[in-house]
Amino acid sequence: MQKLQRTIFSVLILFLLLLATYVVVILYPEVLWFKSFGYDNIWWFTFKSKWFTFITFFVTAFVFLFLNVTVAKRVSEKNYSTENLTFNTPFAVLNQFFEQLLQQNKAQSQLPLRIYYFFLNALILFFAVVFGLLAKSWWQDIYAYIHQVAFQVTDPLFQQDLSFYFFSLPFFEGLQAWAMGLCILTLGVVGWIYFSKNILVLIFSTSPKIGHLKRHVFLLLSIGLFVYSLGIWFDVYQLLYSGRGIGFGAGYTDIHVFLYYLKGLFGLFLRSEEPT
């Protein structure tokens, strides 16, 4: 335990040293340079906007990951009996594989809970920082969306003001890609928790005692499908940028084939997310 505390303290000291170096070597000279030209207000606006974006998306990613990991930990701590379990996938070979995997993992040693949970919390923090930095890289799209001004000109196909394609659509597409990545990562982390606790394969069993496990995994899958379907809907507006025809823009095939194809695909994904 003392060795773990010393490691945490050393990492914290290293982080503070790196932060101090960043401030002295990079930030402070930039402030002086912009101030020498009278543009220090622009620098401070850019600085505050970037870090406000980072903090907002960092907190969002951290809360989403933390809640799902907490649910996964509570579900995995329940005493699931793996005796006399049967699997009912459509493939007999797959059923045998799950049964063998369950038997092999029964004797698998687990990390001490304290180290295991420390590793999970560190993983959550790391990924939240990564997603915050990813959002920080397109802060201009966010502020362009917030402060957009209408062009008073609409496109002939969707009757959207042209400002939608310059300000709103890039923001929505960036947000959808960010949320899609977060969903995939969360599903991977939750799946790893259940796998490390030797209960992930129980999703395919006929046991009625694993409702919480199935609901959690399939809820994450439903959220991921919904976010993915939003990307398909945004692809509808990208038809205006199509280069499939002779000219640039939506052609006859785009309007009469691909438009209905994308809308139908979007509806299909929404239908697949409805509870059965």
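Check the entry above for the structure.
Residues numbered from 1 in each chain as written. Predicted model: local features only at pLDDT ≥ 70, side-chain atom pairs only at ≥ 80, totals over all residues. Heavy atoms only, no water.

Concerning the overall build of the chain
If you tally the helices and strands in the chain, you get 8 helices and 0 strands. For the chain, the sequential pattern of α-helices and β-strands runs α-α-α-α-α-α-α-α. In the chain, which comprises 276 residues, the share counted as buried stands at 33%. For the chain, long-range pairs separated by at least 24 residues make up 72% of all intrachain contacts whose partners lie at least 6 apart in sequence. Accessible surface, the chain: about 17900 Å² in total, of which carbon and sulfur atoms supply 69%. (Helix = DSSP H or I, 4+ residues; strand = E, 2+ residues; numbered from the N terminus. Buried < 20%, exposed > 50% of the residue type's maximum accessible area, 1.4 Å probe, protein only. Contact = heavy atoms within 4.5 Å. Areas by Shrake-Rupley, 256 points an atom, 1.4 Å probe, with all protein chains shown as cover.)

Quick word on the packing of aromatic side chains
By the definition in use, this model includes 33 aromatic pairs. A centroid spacing of 5.2 Å and a plane angle of 90° characterise the contact between Phe164 and Tyr165, whose relative ring orientation is edge-to-face. Across the pair, exposure class does not vary: Phe164 and Tyr165 are buried alike. Looking at Lys136, its charged tip hangs above the ring of Trp51, at a distance of 5.3 Å from the centre. (Phe/Tyr/Trp six-rings, centres within 6.5 Å; stacked < 30°, edge-to-face > 60°. Lys NZ or Arg CZ within 6 Å of the ring centre and 35° of its normal.)

Quick look at empty space enclosed by the protein
With the rule as written, the count across this model stands at 1 cavity of 30 Å³ or more. Estimates place the volume of the largest cavity at around 40 Å³. In terms of lining, the largest cavity is formed by Leu65, Val69, Leu120, Leu123, Ile124, Phe127 and Val189. Taken together, the elements giving at least two residues each to the lining of the largest cavity come down to helix 2 (40-76) and helix 4 (113-136). A per-element tally of the lining of the largest cavity places helix 4 first, with 4 residues. For the lining of the largest cavity, the per-class residue count stands at 7 nonpolar, no polar and no charged. (1 Å grid on protein atoms, 1.4 Å probe; cavity = no way out; pocket = protein on both sides within 12 Å on 5 of 7 lines; lining within 4 Å. Points joined across faces, edges and corners; volume = space filled by probe spheres on them. Nonpolar A, V, L, I, M, F, W, Y, C, P; charged D, E, K, R; others polar.)

Overview of the packing of helix 2 against helix 6 (residues 163-196)
One can describe the packing of helix 2 onto helix 6 by two numbers: an axis separation of 10 Å at closest approach and a directional angle of 25°. Considering the angle they form, helix 2 stands roughly parallel to helix 6. When you trace helix 2 past helix 6, the crossing you get is right-handed. Mapping the contact onto sequence places Phe57, Thr60, Ala61, Phe64, Leu65, Asn68, Val69, Val71, Ala72, Val75 and Ser76 in helix 2 and Leu175, Trp178, Leu182, Leu185, Thr186, Val189, Val190, Ile193 and Tyr194 in helix 6. Of the residues that constitute the contact of helix 2 with helix 6, the class distribution is 16 nonpolar, 4 polar and no charged. (Axes fitted to C-alpha atoms, helices over the stretch in contact; angles between N-to-C directions. Parallel < 35°, antiparallel > 145°, perpendicular 65-115°, else oblique. Left-handed = near helix turned anticlockwise from the far one by under 90°.)

Points about helix 5 (residues 139-146)
Buried residues of helix 5: Trp139, Ile142 and Tyr143, and no others. On an axial view of helix 5, the arc spanned by its buried residues comes to 90°, and they lie on one face. (Arc of directions from axis to C-beta.)

Topic: the layout of surface pockets
Taken as a whole, the second largest pocket encloses approximately 200 Å³ of empty space. Tyr22, Ile26, Leu27, Glu30, Phe34, Ile42, Trp43, Thr46, Phe47, Lys50, Trp51 and Lys136 are the residues that line the second largest pocket. If you list the elements that add at least two residues to the lining of the second largest pocket, you get helix 1 (2-36) and helix 2. Element by element, the count of residues in the lining of the second largest pocket is highest for helix 2, at 6 residues. Its residues assigned to classes, the lining of the second largest pocket comprises 8 nonpolar, 1 polar and 3 charged.

Side note on a nonpolar patch on the surface
There is a patch of nonpolar side chains on the surface, built from Leu12, Ile13, Phe15, Leu16, Leu17, Leu19, Tyr22, Val23, Val24, Val25 and Ile26 and spanning about 980 Å² of accessible area. Structurally, the position occupied by Ile26 is in helix 1. With a relative accessible area of 37%, Ile26 lands in the partly exposed category. (Patch = residues over 30% accessible without salt bridge, like charges linked within 9 Å, V, L, I, M, F, W, Y side chains within 5 Å. Salt bridge = Lys/Arg side-chain N within 4 Å of Asp/Glu carboxyl O.)

Let's talk about the packing of helix 5 against helix 6
One can describe the packing of helix 5 onto helix 6 by two numbers: an axis separation of 8 Å at closest approach and a directional angle of 135°. Considering the angle they form, helix 5 stands oblique to helix 6. Of the two elements, helix 5 crosses helix 6, and the hand of that crossing is left-handed. Residues Asp141, Ile142, Ala144 and Tyr145 of helix 5 form the contact with helix 6, whose participating residues are Phe167, Ser168, Pro170, Phe171 and Phe172.

Quick notes on helix 6
Between its first and last C-alpha, helix 6 extends 49 Å over 34 residues, near the 50 Å set by a 1.5 Å rise per residue. Maximum bend of helix 6: about 35°, positioned at Leu169, with proline Pro170 one to four residues after it. (Expected span 1.5 Å × (residues − 1). Bend = angle between axes of the 7 residues up to and from the residue.)

Side note on the side chain of Asp155
Within the secondary structure layout, Asp155 lies in the loop between helix 5 and helix 6. The buried charged residue Asp155 lacks any salt bridge, with Lys263 as its nearest oppositely charged partner at 11 Å. Among the polar contacts listed, one links the side chain of Asp155 to the side chain of Tyr165, at a separation of 2.8 Å. If we ignore the near neighbours within four places in the chain, the residues touching Asp155 are Gln160, Leu162, Tyr165 and Leu240. (Lys, Arg positive; Asp, Glu negative; His and termini not counted. Polar contact = N/O pair within 3.5 Å; in protein donor to acceptor, adjacent residues only side chain to side chain.)

The values reported here are purely geometric and, on their own, carry no functional implication.
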